[in-house]
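Coordinate analysis (summary)
Letter by letter, the chains look like this.
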Amino acid sequence: MNNLPEDCIAKILSLTSPRDVCRSSAVSRCFRSAADSDHVWNHFLPSEFPEDFRAPEGLPTKKHLFFSLVHNPLLLHDSQLSFSLERSTGNKCYMMAARALNITWGHDQRYWQWISLPDARFKEVAALKMVWWLDITGKINISLLSDDTLYAAYLVFKWNLDPYGFRQPVEASLVLAGTEHDDVQPSMVSLMHNPGSEQGQRAELRSDDWYEVQLGQFFKRRGDMGEIEMSLKETKRPFEKKGLIVHGIEIRPVLP
Amino acid sequence: MSEADMAIIKPEMMMKSYIWLETTDGSIQQVEQEIAMYCPMICHEVLQKGLGAGSSKNCAISLPQRVNPAMLSLILDYCRFHQVPGRSNKERKVHDEKFIRMDTKRLCELASAADSLQLKPLVDLSSRALARIIEGKTPEEIREIFHLPDDLTEEEKLEPLKNLMDDPRIRLLNRLYAKKRKELKEREKLKGKEVEERVDERSVDDLLSFINGKDHKVVKTSKSKKKNKKRKEHKNKVSHNLHSKQQGVQIVDETASSLGGVSNLLSMEEDIFSLKTDSEDGYVDDGMDPVLKEMLDREVEDFARRLNSSWVLSSGQERQPVHFSINGNGATRRLTAIDD
């Protein structure tokens, strides 16, 4: 290995993963030089960025850009969409703000309120006062995502002081472009822990102290186009729902 | 041209033409032209220098230094297989998988030689094989496999962490530093009473100050007491403050372990975060002896290195306790709680 030129080592490292490359920078001097090179980290950065993406200023190398995007999501699309990278692969992750979603009755102050929370990524989150017809839908263009990757969509939410009406599972669905709505079979997910009546996906606590529940999964192939529609609904039971606070919908790769 | 000339030319065209290649050790090989020309570098040499190049022993094409005779024959085997146009993709793939099976040293030489001959498909093949070897290995393992020198200083090994440290990481490191010290102190507690008594004394101070309502003062007094290394004096003060030490010790111990631990953590975090609370001579003394401190410093450095290299820091893991294990002689063991 000693007689391999640095650009050969860089080429070899670019065929591993960001984690392996980080480890390599502690091996030896020549490895470090190759491991820190822009050639390698350029390979892990997405080949295509969203249209209104602007790289943050003051980052000296591609490696810095990579980790900046991993740790500090960028706000795009009028601050309603956050963009970041998944750190073990460099795949693109997004989170749509509640304002970017279609929340039925969301414009009506009697049912939903828009508040600002300090621990939210976006300026506003949607706080449910009371509603009978719960219907939250988000759409995203699949071409924004990384090729050949399995993705999952999650509703990110939390509860206010006294939520009501969520003990039973609710309907979640994820529909790819071109699918007839009649063909869609929603899955049941549980927003609240309720032993005995839980079905399908359950809500999990995230590291940022919000909850998330998986709405569905899909595989993005090269050249896929069109919109994906993700939704959470509860419109069949004749009682009110209260106390849900919606942060947004996050779309990120499924890790093995 | 006359018929006679045509007759002469034809057989020559039917004959295989050879190219002569010379490696840096001086040995010369004769290779079928079509096989040698599969390598872009050789191809360029022939075209650049005119048709005469490589046509005889005397004007053999010199190959780059990184190509030794063993590698040359390997590469020529590769070329011999692939330059045949009729093979299917599957056949080629199967051949390549077999071809690439060799020990790591030869694999490196092959990659190097293929690169200098600009034979891209073989460079890709050998690079991918080497990448598979590197994946998932620790720096020590990589050094061993490739016989690389350990020529980075400890500081340099930590540098990647410093360069890319976001605030959360600095905070985590400091928090863990504090936690480790607390753990070490607790360990010391099990060994001897002296530390206990220091802890006792602080907790009593805390209690007193709480009663008297002077929180701020307590921090300063406890720090000034930290500066004072006369342990016997501490002992006496404690015995003065408590009515009957022997009776009260058990009860105070229990409260001490909970209160003292917290106040330790609190005061240590203050040490780290605020420069104002440093003593006048700028020396941050939290009452631990230098040997322990050195041990801690090494532990933290080691951990910081692993923070960078083993991807400990995911925001989910910030909240979980980190378990260290330290041998008696200060050597560190791998972190077991954080496994990827």
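Residues numbered from 1 in each chain as written. Chains lettered and ligands numbered in written order. Predicted model: local features only at pLDDT ≥ 70, side-chain atom pairs only at ≥ 80, totals over all residues. Heavy atoms only, no water.

- Per an unreviewed UniProt entry, chain B is named SKP1 component dimerisation domain-containing protein, and its organism is Brassica oleracea var. oleracea.
- Heading Subcellular location (unreviewed entry) of the UniProt record for chain B holds this comment: "Nucleus".
- Of chain B, the UniProt comment under Sequence similarities (unreviewed entry) reads exactly: "Belongs to the SKP1 family." (UniProt positions renumbered as here; feature names shortened; annotations may be inferred.)

- Chain A has the name F-box domain-containing protein in an unreviewed UniProt entry, where Brassica carinata is given as its organism.

1. Topic: the overall build of chain B
- Summing up its helical and strand segments, chain B has 15 helices and 3 strands in all.
- Taking all 340 residues of chain B together, 41% fall into the buried category.
- Pairs at least 24 residues apart make up 63% of the contacts formed inside chain B by residues separated by at least 6 positions.
- Split by element, the accessible area of chain B, about 20300 Å² in all, is 54% carbon and sulfur. (Helix = DSSP H or I, 4+ residues; strand = E, 2+ residues; numbered from the N terminus. Buried < 20%, exposed > 50% of the residue type's maximum accessible area, 1.4 Å probe, protein only. Contact = heavy atoms within 4.5 Å. Areas by Shrake-Rupley, 256 points an atom, 1.4 Å probe, with all protein chains shown as cover.)

2. Regarding the environment of Ser-190 of chain A
- In this fold, Ser-190 of chain A is placed in strand E10 (residues 187-190).
- Distance in space between the C-alpha atoms of Ser-190 of chain A and Arg-202 of chain A is 4.9 Å, their sequence separation being 12 residues.

3. A closer look at the sheet that holds E10 of chain A
Residue and element names in this part refer to chain A.
- Strands sit in the order E4-E7-E14-E9-E10-E11 across an open sheet of 6 strands; the sheet is mixed. Looking at the sheet topology across the chains shown, the edges are occupied by strand E4 (102-103) and strand E11 (201-202).
- The pairing of strand E7 (residues 134-141) with strand E14 (residues 227-234) spans 8 bridges and is classified as antiparallel. Bridging across to E14, Asn-141 finds its partner in Glu-227. (Pairing = 2+ DSSP bridges.)

4. Notes on the nonpolar core
- One finds Trp-112, Leu-191, Met-230, Leu-232 and Ile-251 of chain A together with Ile-42 of chain B to be the most contacted residues of the largest nonpolar core, which totals 106 residues.
- Ranked by residue count, the leading element in this core is helix H7 (residues 120-134) of chain B, at 8 residues.
- Of all hydrophobic cores here, the second largest spans 9 residues; its members include Ala-120, Val-125, Ala-127 and Trp-210 of chain A. (Core = buried A, V, L, I, M, F, W, Y, C linked by side-chain atoms within 4.5 Å.)

5. Considerations on the packing of helix H6 (residues 104-116) of chain B against H7 of chain B
Residue and element names in this part refer to chain B.
- At a minimum axis separation of 9 Å, H6 and H7 run at an interaxial angle of 145°. Helix-helix and strand crossings are classified by hand; for H6 and H7 the assignment is left-handed. Together, Thr-104, Leu-107, Cys-108, Leu-110, Ala-111, Ala-114 and Asp-115 of H6 and Leu-122, Val-123, Ser-126, Ala-129, Leu-130 and Ile-133 of H7 make up the contact between the two elements.
- Split by residue class, the contact of H6 with H7 holds 10 nonpolar, 2 polar and 1 charged. (Axes fitted to C-alpha atoms, helices over the stretch in contact; angles between N-to-C directions. Left-handed = near helix turned anticlockwise from the far one by under 90°. Nonpolar A, V, L, I, M, F, W, Y, C, P; charged D, E, K, R; others polar.)

6. A short note on the packing of aromatic side chains
All names here are of chain A.
- A full pass over the atoms with the stated rule returns 15 aromatic pairs over all chains.
- Centroid distance Trp-41 to Phe-67: 5.3 Å. Interplanar angle 55°. Geometry classified as tilted. Here Trp-41 is found in helix H4 (residues 38-44), whereas its partner Phe-67 is found in helix H5 (residues 62-71), with 26 residues between them in sequence.
- Residue Phe-67 is classed as buried on the basis of its relative accessible area, which comes to 7%.
- Where Phe-49 meets Phe-83, the ring centres are 6.1 Å apart and the plane angle is 75°; that geometry is what we call edge-to-face. Separated by 34 residues along the polypeptide, Phe-49 in the loop between H4 and H5 and Phe-83 in strand E2 (residues 81-85) bring together distant segments of the chain.
- Relative accessible area serves as the criterion here: at 0%, Phe-83 is assigned to the buried category.
- Each member of the aromatic cluster is reached from another via a ring pair, and the members are Trp-41, Phe-44, Phe-66 and Phe-67. (Phe/Tyr/Trp six-rings, centres within 6.5 Å; stacked < 30°, edge-to-face > 60°.)

7. Remarks on the layout of surface pockets
Residues and elements named next belong to chain A.
- Roughly 490 Å³ of volume is contained in the second largest pocket.
- Pro-46, Ser-47, Asn-91, Ser-146 and Asp-147 are the residues nearest the centre of the second largest pocket, which is lined by 23 residues in total.
- Tallied by class, the residues present in the lining of the second largest pocket amount to 6 nonpolar, 10 polar and 7 charged.
- No fewer than three residues from each of domain 1 (4-63) and domain 2 (90-251) sit in the lining of the second largest pocket. (1 Å grid on protein atoms, 1.4 Å probe; cavity = no way out; pocket = protein on both sides within 12 Å on 5 of 7 lines; lining within 4 Å. Points joined across faces, edges and corners; volume = space filled by probe spheres on them. Domains from an automatic or database assignment.)

8. Looking at a nonpolar patch on the surface
- Taken together, the side chains of Trp-105, Trp-132 and Trp-133 of chain A make up a nonpolar region of the molecular surface, amounting to roughly 360 Å² of accessible area.
- Of note, Trp-105 of chain A is situated in the loop between E4 and strand E5 (112-115). (Patch = residues over 30% accessible without salt bridge, like charges linked within 9 Å, V, L, I, M, F, W, Y side chains within 5 Å. Salt bridge = Lys/Arg side-chain N within 4 Å of Asp/Glu carboxyl O.)

9. With respect to the confidence of the model for chain A
- In this model, chain A carries a mean pLDDT of 90, and residues with pLDDT of at least 70 account for 98%.
- Ranking the elements of chain A by mean pLDDT puts E11 of chain A last, at 87, and strand E3 (residues 92-97) of chain A first, at 96. (pLDDT = per-residue confidence, 0-100.)

10. Concerning H7 of chain B
Residues and elements named next belong to chain B.
- Its 15 residues place the ends of H7 21 Å apart at the C-alpha level, agreeing with the 21 Å of an ideal helix rising 1.5 Å per residue.
- Extensive coverage of H7 is indicated by the burial of 11 of its 15 residues.
- Buried within H7 are the following residues: Leu-122, Val-123, Asp-124, Leu-125, Ser-126, Ser-127, Ala-129, Leu-130, Ala-131, Ile-133 and Ile-134.
- Gly-136 sits one or two positions beyond H7 and adopts a positive phi of about 80°. (Expected span 1.5 Å × (residues − 1).)

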